[in-house]
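Remarks on the overall topology
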Amino acid sequence: MSDLEGAVRDEVEVRAVTDAELPAWLHAANAGFLQARDGISDETVAHARARGDLARTLGAFDGGRCVGTYRSFRQEVTAVGGAAVPADAVSVVTVAPTHRRRGILTRMMSADLAAAKERGDVVATLIAAEYRIYGRFGFGPATSVTEWTVDVPRSGLDPRWSGPAEAGARIDLVGGGDVREVGPELHERFRAVRHGAITRDAHWWLRNTGQQATPEHPWQEPFYAVYRDPSGRVDGLVAYSATHDDWSDSLLPRNTLTVLSMTAVTPAAERALWHYVCSVDRVVTVKSGWRAPDDLLPQLLPDPRAARVTGHADWLWVRVLDVVRALEARTYAGTGALVLEVADAAGLAGGRYRLEVGEGGGAVCAPTRQEPDLALDVAELARLWLGDESVARLVALGLVAEERAGAAAVADALFRTARRPWCQDLF
C-alpha cells in the first residue's frame, strides 16, 4: 500500500449508515447514477427506510460527507433443477468521481462479502452497470438478456384474432390491485422452474404497481393482461405501455407497444400473450423488453424475420461464496466426476474440489487432494454454475485450464442446460 492509499484509508470511513444519514446516502447514490440533484423527498426516504436494512447499507464518509454507497439484501436465486439458493444481492454501488481509485469500493465489497459468507449465503449477485468492475471481486456474468423489435404487419399473425389457442383459455385486462393479488403466486411458480430467476419481495410488488411512487419517480399506470388456462388458473401476466398518438401523414397508425415485463409458466401462456400484444389495435411495432436469449418469441411468429434483435447484454452476475453448497444445490445432465482447482484472490471460496454426479443428476462435492481436471478462477465457476457458458469456449479463451485431456468435454456434458438461465429483474 502506498502512503497516499494509507492516508485515504485514514480519511475515509466505511461503515453502516445511521437513520439520520440516510437522506445524505440517497443523495450520494443519486449523484453516482447521474440522477436528479434537487433534494430527496420525505417519501423517498421513507420507502428506502422501509425496504432496506441499515446494517447492510454501507456508506463511505469523508469528513462527514457521503462519497460512496453500497447496499445488500436477502435474495434467493434458482439453481439448475429448481433449488432456491440463498444469495447476497448487491445494489446501489457508487463512488463519488472525486474519490475514485482509492480502494473505497474494495473496502465496501470486502466487508459485505465476508459478512455474507459468515451469514451462510451460498452466492452473491448483482446487475453490473459496467462490465470491467466486478470480475476482480470474483463475480462472473451468469445470464444474459435479449431484446427484439417486432414489425407486426410482417409477423404473419392474424390481426383479426388475439384469443388463446387453447379452448376455454382467456386473456383479461386487469388493474394494479389484481396484479398484487395474483402476481406473487405466479412469480413463485415461475422461479421454481426457471434457473437464474430471483425472488421478488412485497416491496417489489408495491413499487411496480404504483404504490410507492415519489416526486422523483412519479407513476404512470401501464396496461396489464393476464392469461387464464381453461380451469381459470392464472398462468401468465404481461405489463406493457404504448404510444397512442403516432400517425403517418396519411393518418395510418404507427404506434409502438413496449413490454415492461412478461411472466409465463407454460408455453401456451407465453405464446398467447405474445400473440395478444402483437394484435393490439393501432400498434405496428412491439418492443419485447429484456427477455431470455432463447425466448419463444421469434420462432412462434409465422415469419420470425419480423422480429429483429435490437439489444443483447450480460445481466445477472454471480459470485460463488461456498463452492460445495453451490455445486450440490444444482442438478446435472448425465453422470461423471471432475476435480476443480478454484482460485479466489479474496480467500472466500478457493480450493480443490471433487464433484461427483450420480444417477438422476444429483451431486456430491467435497474438498480433495486429487490432481485437478480443470483449473479456473471463482469468477469463471460462476459463469458455469447456471449452465449458460461452454467450458470448451472458456478453455479456448484462456480462462479455464484443462489439466486433463477431455475434461472440458466432460464438464460441458454435466454443466450445460437444455434451456438458458434467465433473470428477468433489475435490482
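Below is a short write-up of the structure. Just so we're clear, the structure is a prediction, and the values are computed from it rather than from any experiment.

Reading guide: rules and limits
- Residues numbered from 1 in each chain as written.
- Predicted model: local features only at pLDDT ≥ 70, side-chain atom pairs only at ≥ 80, totals over all residues.
- Heavy atoms only, no water.
- Helix = DSSP H or I, 4+ residues; strand = E, 2+ residues; numbered from the N terminus.
- Axes fitted to C-alpha atoms, helices over the stretch in contact; angles between N-to-C directions.
- Parallel < 35°, antiparallel > 145°, perpendicular 65-115°, else oblique.
- Contact = heavy atoms within 4.5 Å.
- Nonpolar A, V, L, I, M, F, W, Y, C, P; charged D, E, K, R; others polar.
- Pairing = 2+ DSSP bridges.
- Salt bridge = Lys/Arg side-chain N within 4 Å of Asp/Glu carboxyl O.
- Buried < 20%, exposed > 50% of the residue type's maximum accessible area, 1.4 Å probe, protein only.

What follows deals with unusual backbone geometry. For leucine 34, which is not glycine, the phi dihedral falls at a positive 60°. Assignment of secondary structure puts leucine 34 in the loop between α2 (22–32) and α3 (42–51).

Looking now at the packing of α2 against α3. The packing of two helices is summarised by the inter-axis angle and the distance between the axes. Close contact between α2 and α3 brings their axes to 10 Å; oriented N to C, the two are set at 100°. Our classification of the angle between α2 and α3 gives roughly perpendicular. Counted together, Leu22, Pro23 and Leu26 of α2 and Thr44, Val45, Ala48 and Arg49 of α3 form the full contact between these two elements. Across the contact of α2 with α3, the residue classes break down as 5 nonpolar, 1 polar and 1 charged.

On the basis of which strands lie adjacent, the open sheet formed by 7 strands has the order β8-β9-β10-β11-β12-β7-β13 and mixed pairing. The open sheet terminates on both sides in strands that have one partner only, identified here as β8 (170–174) and β13 (307–314). This sheet shows a mean twist of 25° between the axes of neighbouring strands, independent of strand direction. Inspection of the sheet shows strand β7 (residues 144–151) paired to β13 by 7 bridges, in the antiparallel sense. Bridged to glutamate 147 within β13 is glycine 311. Each of β8, β9 (223–228), β10 (234–242) and β11 (255–264) touches helix α5 (residues 176–191); the most contacted strand, β10, lies at about 125° to it.

Moving on, we come to the pattern of salt bridges. Scanning all chains against the criterion turns up 31 salt bridges. Among the ionic pairs, glutamate 270 bridges to arginine 291, the shortest N-O distance being 4.0 Å. In this pair, glutamate 270 is assigned in helix α7 (residues 267–277) and arginine 291 in the loop between β12 (283–287) and α8 (297–300), connecting sequence segments 21 residues apart. The salt bridge partner of arginine 352 is glutamate 341, with a shortest N-O separation of 2.5 Å. Here the residue arginine 352 occupies a position in strand β16 (residues 351–357), and glutamate 341 occupies one in strand β15 (residues 336–343), the gap between them amounting to 11 residues. Relative accessible area serves as the criterion here: at 25%, glutamate 341 is assigned to the partly exposed category. Overlapping salt bridges bring together Glu185, Arg189, Asp229, Arg233 and Asp235 as one network.

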